[in-house]
Amino acid sequence: MELGLASKDATWWVFTFPAFFGSKILLDVYVIFSLFMAFLSVSLLSWAFAVGGIAWKNGRNQQGRLPIPGPRGVPIFGSLFTLSRGLAHRSLAAMAWTRANTKLMAFSVGSTPVVVASDPHTAREILTSPHFADRPIKQSAKSLMFNRAMGFAPNGTYWRLLRRIASSHLFSPKRIIAHEDGRQLDCTIMLRNIANEQKVLGFVSLRKHLQFAALNNIMGSVFGKRYDQIKDSEELEELRDMVKEGFELLGAFNWSDYLPWLSYFYDPFRINQRCLKLVPRVRKLVKGIIEKHRLSESKRLSDSADFVDVLVSLDGEEKLQEEDMVAVLWEMIFRGTDTTALLTEWVMAELVLHPEVQAKLQLEIDSAVTNKTLTDADMAKLPYLQAVVKETLRIHPPGPLLSWARLSTSDVQLSNGMLVPANTTAMVNMWAITHDPRVWEDPLEFKPERFLEADVDVRGGDLRLAPFGAGRRVCPGKNLGLVTVNLWVAKLVQHFKWVQDLCGHPVDLSEVLKLSCEMKFPLHALAVERDGTVLP
Ligand code: HEM
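Residues numbered from 1 in each chain as written. Predicted model: local features only at pLDDT ≥ 70, side-chain atom pairs only at ≥ 80, totals over all residues. Heavy atoms only, no water.

Draft legend 1. Seen up close, the overall build of the chain. Within the chain, the regular secondary structure consists of 19 helices and 11 strands. Taking 24 Å as the expected radius of gyration for a compact globule of 536 residues, we find that the chain reaches 27 Å, a close match to that expectation. Of all 536 residues assigned to the chain, the portion counted as buried reaches 53%. With the model as given, the accessible surface of the chain reaches about 24900 Å², and the carbon-plus-sulfur share is 59%. When the 62 basic and 58 acidic side-chain charges of the chain are each reduced to a single mean position, those positions are 4 Å apart. (Helix = DSSP H or I, 4+ residues; strand = E, 2+ residues; numbered from the N terminus. Rg over C-alpha atoms; globule rule 2.2 N^0.38 Å. Buried < 20%, exposed > 50% of the residue type's maximum accessible area, 1.4 Å probe, protein only. Areas by Shrake-Rupley, 256 points an atom, 1.4 Å probe, with all protein chains shown as cover. Lys, Arg positive; Asp, Glu negative; His and termini not counted. Charge placed at Lys NZ, Arg CZ, Asp CG, Glu CD.)

Draft legend 2. Inspection of the side chain of Glu350 at higher detail. Within the element layout of this structure, Glu350 appears in helix α14 (residues 322–353). For Glu350, which is buried and forms no salt bridge, the nearest opposite charge comes from Arg394, at a distance of 8.1 Å. In terms of polar contacts, Glu350 uses its side chain to reach the side chain of His396, at 2.7 Å. (Salt bridge = Lys/Arg side-chain N within 4 Å of Asp/Glu carboxyl O. Polar contact = N/O pair within 3.5 Å; in protein donor to acceptor, adjacent residues only side chain to side chain.)

Draft legend 3. Geometry of the packing of aromatic side chains. Counted according to the given criterion, the structure contains 12 aromatic pairs. Ring centres of Phe81 and Trp255 lie 5.6 Å apart, and the angle between their planes is 65 degrees; this geometry places the pair in the edge-to-face category. Note that Phe81 is positioned in helix α3 (residues 80–84) and Trp255 in the loop between α11 (233–251) and α12 (271–295), a separation of 174 residues in sequence. Residue classification places Trp255 among the buried positions, given a relative accessible area of 16%. Feature note: the residues Phe77, Phe81, Phe253, Trp255 and Tyr258 constitute an aromatic cluster, connected by ring pairs. (Phe/Tyr/Trp six-rings, centres within 6.5 Å; stacked < 30°, edge-to-face > 60°.)

Draft legend 4. Molecular detail of the pattern of salt bridges. Enumeration according to the criterion identifies 30 salt bridges in this entry. A salt bridge links Asp186 to Arg226, with the nearest nitrogen and oxygen atoms 2.9 Å apart. Taken as a pair, Asp186 in helix α9 (residues 180–201) and Arg226 in the loop between α10 (206–223) and α11 lie far apart in primary sequence, 40 residues in all. The partly exposed category is assigned to Arg226, whose relative accessible area is 31%. Because the salt bridges share partners, they merge into one network encompassing Arg207, Glu345, Lys514 and Glu518.

Draft legend 5. The arrangement of the coordination of the iron atom of the ligand in detail. No other protein atom reaches the iron atom of the ligand as a donor apart from Cys475 (SG), found 2.3 Å away. In this structure, Cys475 sits in the loop between α18 (450–453) and α19 (478–495). (Donors = N, O, S within 2.8 Å, 3.2 Å for Na, K, Ca; no water.)

Draft legend 6. Representation of the site of the ligand within the structure. The local shell around the ligand holds 25 residues, among which Arg135, Arg163, Arg406, Arg473 and Cys475 are the closest. Here an oxygen atom of the ligand sits 2.9 Å away from a polar atom, N or O, in the side chain of Trp159. Contact between the ligand and Arg473: an oxygen atom at 2.9 Å from a side-chain N or O atom of the residue. Elements represented by at least two residues in the shell around the ligand include exactly α7 (157–169) and α14. Here the residues of the shell around the ligand sort into 14 nonpolar, 5 polar and 6 charged. (Near = heavy atom within 4 Å. Nonpolar A, V, L, I, M, F, W, Y, C, P; charged D, E, K, R; others polar.)

Draft legend 7. Examining the sheet that holds strand β3 (residues 204–205) more closely. Strand order in the open sheet formed by 3 strands is β3-β11-β8, and the pairing between neighbours is antiparallel. Each having just a single partner strand, β3 and β8 (496–500) make up the two edges of the open sheet. Pairing of β8 with strand β11 (residues 524–529) involves 5 bridges; the strand directions are antiparallel. In the sheet register, Phe496 faces β11, and the bridge partner there is Glu529. This element, α9, spans β3, β8 and β11 of the sheet and lies at about 100 degrees to β11. (Pairing = 2+ DSSP bridges. Contact = heavy atoms within 4.5 Å. Axes fitted to C-alpha atoms, helices over the stretch in contact; angles between N-to-C directions.)

Draft legend 8. Broad picture of the confidence of the model for the chain. Within the chain, residue pLDDT values average 89, and 92% of them lie at 70 or more. In this model, residues 1–18 is a region of pLDDT below 50 whose contacts with residues beyond four sequence positions or in other chains number 9 contacts. (pLDDT = per-residue confidence, 0-100.)

Draft legend 9. Representation of the packing of α9 against α10 within the structure. At a minimum axis distance of 9 Å, the contact between α9 and α10 shows a crossing angle of 160 degrees. Classified by the interaxial angle, the pair formed by α9 and α10 is roughly antiparallel. Read as a crossing pair, α9 and α10 show a hand that is right-handed. Packed against α9, whose contacting residues are Gly182, Arg183, Asp186, Ile189, Met190, Asn193, Ile194 and Glu197, the element α10 presents Leu206, Lys208, His209, Leu210, Phe212, Ala213, Asn216 and Asn217 at the interface. (Parallel < 35°, antiparallel > 145°, perpendicular 65-115°, else oblique. Left-handed = near helix turned anticlockwise from the far one by under 90°.)

Draft legend 10. Local environment of the side chain of Gln198. Among the structural elements, Gln198 can be located in helix α9. When residues no more than four places from it in sequence are discounted, the contact partners of Gln198 are Phe203, Val204, Ala525, Leu526 and Ala527.

Draft legend 11. Structural detail: the sheet that holds strand β1 (residues 105–109). Taken in spatial order, the 4 strands line up as β1-β2-β7-β4 in an open sheet, and their pairing is mixed. Of all strands in the sheet, those with a lone pairing partner are β1 and β4 (406–407), marking the two edges. Bridge count for strand β2 (residues 112–117) against strand β7 (residues 425–428) is 4 bridges, and the pairing is parallel. If you follow Val116 over to β7, its bridge partner there is Met427.

Written out as structure tokens, the structure is:
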């Protein structure tokens, strides 16, 4: 009875007050308030009953023989806060391990249903399935033209064309060999700059040298253009700034990707405006370079031709629109720069922290390589070097969640009986797999020797360690990336002994997760020139 009276009272004042004041404001407020309460009740109810959170309403994760378990998260947001802050790979791993949800865990990020695999078997099923060959596209990626580049193009004719062009003209073994001179040149400049910095400052801050070498290297093989730090400082600064801004925008957590209604009033990082500002700058730079290639005398495509030459020369069905060329070229600069530089930085940090590993590596290089100039061909004689790089990829995978997720294009039945419905974002937590004691013995220890005892294919063949992903969307730059990192690490330790700067800058392995996972505090160390080595 009391309840009835209360609601009668409420109806009375809601209708009388507006009449009294001659306005409809209170009526409007009442309508909005009621709608809000209804929305809240529906959200609370769906949340209360949805395992995996709000995006899994109607039991969509219960359709298979085996339901997909997962946390409910909080109403409306689901597990969004787990992903938007801090180190998502670690939080998701902890969630999967404590709940024994490693095979597959369902959770909600706002209104997006997500599954994450944290074991090698399910990871393989997802990454190699043709039904997971699409990617969910973020708003920033779309605004930055990445939907026309390889990484985000939907699985179809256009994406297959891009992969074919790239694998035969940029990433083929012949092309990688042809660009070795460039890799050597960029490394030589880096070694000299490091020696100078050590002399002037008494220590070396390695990141900027690696980033410059990586940027110049990819610019060389993609655009046929290398920058001189002094002569081209203005253009170089502009390029660096554009790459940095692009990284920030793509790496930023954009709330409205998961709660679309937020885009109307909440954009804390001003992602849309910043994308709109960046795109014309990218177009201007890349189109300028394409134009120069078109104007230069048409040359027969040699093995060492750059990627712009290749794209410009395409004809018939393979011919790309200029806008598409801009997107493809921009993506290559983008993907090729940070991954190589940050993986090399992680390797060097581990070598500084493990002087015994560094000494063993130097011994291997000194005894295997008699001529003093290390080449790509020498890498086959350096199994310990490869083990060091693999162990670094295991302990610090540059994309701990494999950077870009996959999207199911239809309902997919997994072999364990779970059913992933169409339009679900699927992630693989590679970090959780490489740190799982059931998969790797002593997973927290840096022990390159483990890869001497048993060889592991890191290029997508063995899902216990697949830092480049796997399946048809596996990283096409994996061979180029590995060749570059192997050569540069070998040369860095051949010429210098890297010692921890305990007084000024002790090594800190804290991570920060952006587009990739990098060292939170850039590596500083003492680079002591080794006896008997002459800088090139
Ligand atoms: C250490 C180096 C690198 C690492 C760890 C790495 C890692 C990855 C990962 C995890 C993926 C997603 C794979 C998947 O979904 O299964 C990927 C995709 C991709 N990577 Fe790499 N990458 C590296 C170097 C490079 C380089 C040097 C380039 C180009 C110059 C490159 C270009 C790409 C592209 C274009 C894609 C998208 C492929 C597609 O969706 O079809 N990556 N990479």
